[in-house]
Amino acid sequence: MNAKNRSAHLAVVWLASLGALSASGCSNNFRPASLVNHARVLGARIEVLGDPTRSNPRPGESATVRWLVGFPAEEQTLSWAFLTCVPEATSYGVPQCAHAVGAPAVQLEPALGAPHVELAIPNEATLGDANQLLMLGSICAQDQVNTDPTVQAACANPDGDGTIVTLRVPIERDGMTNHNPSLDAVTLNDEVLDYMAAPDAPGTGCAGGDAPQIVWSEDVVALALTAVDGSRETYTVNRGAPPVATDVLEDLLVEDLSTAGEIDLHFAYFDDLDPTIDLEWTLPALAEVAADGTLVRLTFTMRDGRGGFDFIQRAVCVVAP
Amino acid sequence: MRFFNGLLTSGPMTISRRWGRKLQVTWALMGALLGTSAWAGPALAQGASDAGTPSTSQAPSAPAAPVLVPPHLLQFVQAAYPQAAEAEGLEGTVVLDITIAADGTVTHAVVTESAGHGFDEAAIDAVQRFEFEPATRDGVPIPVIIGYRYVFELRVPEPPPPAEVEAPATGGIEGHLLGLEDGLPLPDAEVILTGQEGSVALRQVTQADGTFRFDELLPGTYALRVITPEYGDMDQEELVHPGEVTEVTYRMRLAEEPPDDLTFGATAIVDPPPREVTRRTISREEMTRIPGTRGDALRSVELLPGVARPPFGAGALIVRGSSPNDSQVFFAGTPVPLLYHFGGLTSFVNGGLLERIDFFPGNFSVRYGRNIGGILEVTPRDPATDRFHGNLDFNLIDLSFLVESPVGSDASVAVAGRRSILDAVFQAALPQDVLDNLSAPVYWDYQGVASWRPTDRDQVRLLLYASSDSFRFFLKNADGSDPSIRGNLSLSTRFFYNQLSWTRQLTNHVQQEVQWMSGTTKLHFALGDLIAFDANFVSNYGRAEWRAQLSHRVRLIGGLDLAVVPFDVGYTGPALQQSEGAAERDPLTGQAIDSSHFRGTAVQPGFYLESDLGLTPELEVILGLRLDYFKEIDAFVFDPRLVARYQVHEGTTLKLGAGMFGQAPAFQESSVDIGNPALAPVRAAHFGLGVDQDFGSGISLGVEGFYKQLWNRVVGVPNGLPPRFTNEGIGRIYGLEVSGRIRPGGRRFFAYLSYTLSRSERRDHPGDPWRLFDFDQTHIFTVAGVYRLPRGWEVGATLRLVSGNPSTPVTGAVYDGTNAVYSPLSDAVNSTRSPLFNRLDVRIAKQWTFQSWKLSLYLDIQNVYNQNNREGTRYSYDLSQSAAIRGLPILPALGIRGEL
């Protein structure tokens, strides 16, 4: 019977795909996923104008979208271009626009400062059945952004350091408000780490300065994260077949990044099993540590999968023994 | 391994050899002469063609229990070779009618087919001195007339051994004579052994268990002639080595029932013609000896021409550029859902239970429907009827057993089972910081076969078989590139089938076969909260077929089959895309999740009619019609098919095939909930043209060109927009297959070669450019050989050279700010290709033979020189870096096997 043959094949296809996908996470010569070694887009926070804790604006409201970009050392200039639209109802693949909303937002020449867009959410009639907006764009570091839609590159210079990005902006239409989650604290070797480096702080020369000093060794450094109580919100979603309204408690996805060395988990979750995220950070090789100290920036982002976003940045100075 | 030629057919075994002067055994003349109802065609052409015992059509079964017992030759007399003919190097065959009195003496002999040159007179002179055990009716001796063929052959004398060489040690020949249809031993058959230059002329009669033995033979080549009134005669050549006993097994096909006028004849048995342009058959003797297969019979299929190599050796059956979904595996005539455990580790059935594996890469009979690719028919054998047998096999991967025994005089049973032992070592090898092992990978399977012959016209067979694969892990940490990959990961595939079949010889010319299978299939796959797939099927499959030999040139086959499958499927996960031709897939994180649960019953009846016509002795034409109905999409498919075979001259056969094929979309593609119920059946047209050449001495070669056109292929709508799937896809596949086989006499060595040159392309939507099929492999070259050394040693090697699989290069990425993952931007689908795959496998085995049992030790090493073949590409988290995914390294499998 072909149906059984093909459904069995379906299971094997999934397994094979999973195997291949998992192979990508196997130890190899790839750059660590937790390493920020170039201008790297790390996410975007949506804040409703007048109520920044909310991440899903209502029709007719305004919101700010501010992108987070990590740098290997001091801040770099950025250029960007974004188009906001009502998306096509696609099931997979890179999202597509159905029709544009508002004018494109463009910062053609690179400048200091995070890319940001002010959004005016359309009214109900314009939105139709859409429950989200789609933002498509490019962010380019130290170079002019590409605005030619026929060229598949983020920067006008094809060798530039840039990223093509998408972001879904959920719109509250069902009375279910979503709030941005909040990271609480970071500890390093069981001590609270609250030092933040200035955006223009150089990547070396921090020995003896204000940043917490870590003497290089082969031992891993223990990091721990906590979220603010109540960050995990309960929401209602239709699940199963036939669909049944089900209350679900959010799992919060945390991305762990550093500008040097390697953190053992690139992704971790705050969920029912893990109220605290414990990480191990392997320091960079001794040869990579500057004689006058290397300033390492640690960035942790958190997402709730429904548009909510938060991040926390800390810094330490690694000194040679 | 048998490819195109049917030389070593199911019997009487026909051989064409070249040794010194040409020796020929022409069975067909005898058959034509005696007017049997079997197909009349030159036997060598039959052998040179792709003939063999059809996988599904059977020769008329054994006649009724004999009230009549034919005469039995007790004293053979060697005729004097006519001097004039010998001087001229002439050979000949004289056919005579011999009248045997009730006391067993020859009272009259008349030539019915003359050979001239003095052969007739010499033959008459000899046969008149034959002595027989007389024929009987109900135990009372009666006079009879029999047909007899006397062959005069010349042999090149062997040079005398050098004087200084010591007289070599003697050897022997031990044989086992069985009937083909039932596997029963043939007692009381006469076996005549003749040495070179007539140096030796010995005679034996087979024992009750069908065995015979000649000892104290000088090394060299001997001619054996087996004479049985019911099964006809057979000639063979065997090689005797010093200090060794050559073991042989002969299977003979039953002759037609003698006519009512008590004339018994040694009949020429000519196999019914194959019903397909190309059928490639692997015999039981060879299927477990192929290097690189770890003794797994079904894995040997991968080495046949037309079969592409799946990545990582996974068990997908990719036939002549068709998707695995387009081909079907049949076990004892009914479709099975999976061929291998865990997608390719080992097959689901014990190879010791198999009689034959038939592979039809295209243009297959109307007996098979609902598929547009190829057919793999796995035929189990009947259990042994002589005595208890058993074997136990233990290797580094699994433990298996097989036991079989007669039950009474009319029945026999066999039970086999296997269980993996991977779980015993899995826990120790598990990376504890990554995985928690909730349930280690385990597979098992079992088969039970019971065969019963209540009468000589009936055979009833019961099959019970099952297979299971399962594992369950817990991924402690989220994947570094796709954070949704975490949590529970589980897979389970199970099926349990019961099958009852009944074959009855309704009349001397009409046979009926009825079979019914019922069983369950359960499939499960889950990944965290993201993907859940559970499917349950209650499979019911039936077939009824009637085969009628209307005349010696006309055969008619009609039948119907029915699949009724209630199903219950639940799926939660990302939207399904088309199964083949998709670009690099997006991460699971952030994809829209579909949930659906649907039930239904698939009903698929099929009707078929086929006629085999012998228009001339050289030309056969097979016409077939098939009608299928697919209830789930309310569609009919009508498939006409044509096969023609023309014997140009002895040993050379041309073949031609053309036909239509159809199959239903995959159930998820036509599902109301997650697919498009308005889909139409997928269609294909097959065309084939080829030639088979038998060079004699066990050497044969076949060349076949093929072309396939596909239309109504099911393809996904871009980005999964409604209606999700359409029939807009088309495809074209063309190529050339070369197959060669060497199997000289003596059974010490066999080798085969296969080469396929092909191109498989698809076009998914109107206006799209043509692209390569996911598993398009331009060149597929395989050469394998197995040699049996003295003292029970055997060595073999298989070399494979295969074009790399196509792949879609990633040219960039898009960052998803909502989910922190990267989606690939790709170049044209399948626009690049992995490097050439090459691998050498070797197998070494040693067998010790004791009085009542055998012990074997084997070492099967895949990828002996540890080639780093590339199977695919993996990417870093942001798709900016790539690295090759390497295939399996050197993989030794050591095993031990005991056999009663």
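Because the structure is predicted, anything quoted here is derived from the model rather than measured.

*Asks:* Got a minute to help me understand the overall build of chain B in this structure?
*Replies:* Within chain B, the secondary structure is distributed over six helices and 52 strands. Taken across its 900 residues, chain B has 58% of its residues classed as buried. Once local pairs closer than 6 in sequence are excluded, the contacts in chain B between residues at least 24 apart make up 67%. Put simply, chain B shows about 33300 Å² of open surface, and 60% of that area lies on carbon and sulfur atoms.

*Asks:* How should the sheet that holds strand β17 (residues 245-252) of chain B be read in this particular structure?
*Replies:* What holds strands together in a sheet is hydrogen bonding between their backbones, with the strands either parallel or antiparallel. Residues and elements named next belong to chain B. Across the sheet, which stays open at both edges, the three strands sit in the order β14-β11-β17 with mixed pairing between neighbours. Here the strands that pair on one side only, and so sit at the sheet edges, are β14 (211-217) and β17. Mean inter-strand twist for the sheet, computed between neighbouring axes without regard to direction, equals 15°. Here eight bridges tie strand β11 (residues 171-179) to β17, and the two strands are oriented parallel to one another. Following the sheet pairing, E174 is matched in β17 by E247.

*Asks:* Looking at this structure, I do not really get the packing of aromatic side chains. What am I missing?
*Replies:* Here a ring pair, both rings aromatic, is described through the centre-centre distance and the interplanar angle of the planes. This model, assessed by the stated rule, comprises 41 aromatic pairs over all chains. Judged by centre distance (5.8 Å) and plane angle (15°), the rings of F76 of chain B and Y150 of chain B are stacked. Of this pair, F76 of chain B sits in the loop between β4 (72-75) and α3 (83-87) while Y150 of chain B sits in strand β10 (residues 144-152), and the two are 74 residues apart along the sequence. By the burial criterion, F76 of chain B is buried, and Y150 of chain B matches it. A connected cluster of aromatic rings, assembled from ring pairs, spans F76, Y81, F119, F130, F132, Y148, Y150 and F152 of chain B. The ring of Y235 of chain A carries the charged tip of R306 of chain A above its face, separated from the ring centre by 4.1 Å. Positioned above the aromatic ring of Y368 of chain B is the side chain of R367 of chain B, whose terminal nitrogen or guanidinium carbon lies 5.9 Å from the ring centre.

*Asks:* Help me understand the sheet that holds strand β1 (residues 40-48) of chain A in this model?
*Replies:* Residues and elements named next belong to chain A. Taken in spatial order, the three strands make up an open sheet running β1-β2-β6, and their pairing is antiparallel. Of all the strands in the sheet, just β1 and β6 (116-120) have a single pairing partner and so form its edges. Sheet twist, expressed as the average angle between the axes of neighbouring strands with direction ignored, equals 20°.

*Asks:* For this particular structure, what's the right way to read helix α4 (residues 119-127) of chain B?
*Replies:* Because each turn of an α-helix spans 3.6 residues, side chains separated by three or four positions in sequence point in the same direction. All names here are of chain B. Here α4 has its buried residues at F119, D120, A122, A123, A126 and V127. Down the axis of α4, the buried side of the element spans an arc of 165°, and every buried residue falls inside it. Here the buried face of α4 lies against α3, β5 (92-100), β6 (106-113) and β10.

*Asks:* I tried to follow the confidence of the model for chain B on my own but got confused; where do I start?
*Replies:* Detailed reading of predicted coordinates is not advised where the pLDDT is low. Residues and elements named next belong to chain B. For chain B, the average pLDDT comes to 82, and 84% of its residues sit at 70 or higher. Averaged over each element, pLDDT in chain B is lowest for helix α1 (residues 27-34) (21) and highest for strand β41 (residues 771-772) (97). Every residue in residues 1-66 scores below 50 in pLDDT, and together they form 263 contacts with partners more than four places removed in sequence or on other chains. In the predicted structure, residues 161-166 sits below a pLDDT of 50 and forms zero contacts with residues beyond four places in sequence or in another chain. Reported confidences for the modelled complex are a pTM of 0.75 and an ipTM of 0.94.

*Asks:* Sorry, what's going on with the pattern of salt bridges here?
*Replies:* It is possible for side chains bearing opposite charge to pair when their charged atoms get close. Residues and elements named next belong to chain A. The final tally for this structure, using the stated rule, is 60 salt bridges over all chains. For E255, the salt bridge identified is with R40, shortest N-O distance 3.4 Å. On the criterion of sequence distance, the pair formed by E255 in strand β15 (residues 252-258) and R40 in strand β1 is long-range, its members being 215 residues apart. On the accessibility criterion, E255 (3% relative accessible area) is buried. Residue class for R40 comes out buried when judged on its relative accessible area of 2%. For D51, the salt bridge identified is with R54, shortest N-O distance 4.0 Å. A relative accessible area of 6% places R54 in the buried class.

About the cut-offs
Residues numbered from 1 in each chain as written. Chains lettered and ligands numbered in written order. Predicted model: local features only at pLDDT ≥ 70, side-chain atom pairs only at ≥ 80, totals over all residues. Heavy atoms only, no water. Helix = DSSP H or I, 4+ residues; strand = E, 2+ residues; numbered from the N terminus. Buried < 20%, exposed > 50% of the residue type's maximum accessible area, 1.4 Å probe, protein only. Contact = heavy atoms within 4.5 Å. Areas by Shrake-Rupley, 256 points an atom, 1.4 Å probe, with all protein chains shown as cover. Pairing = 2+ DSSP bridges. Axes fitted to C-alpha atoms, helices over the stretch in contact; angles between N-to-C directions. Phe/Tyr/Trp six-rings, centres within 6.5 Å; stacked < 30°, edge-to-face > 60°. Lys NZ or Arg CZ within 6 Å of the ring centre and 35° of its normal. Arc of directions from axis to C-beta. pLDDT = per-residue confidence, 0-100. Salt bridge = Lys/Arg side-chain N within 4 Å of Asp/Glu carboxyl O.

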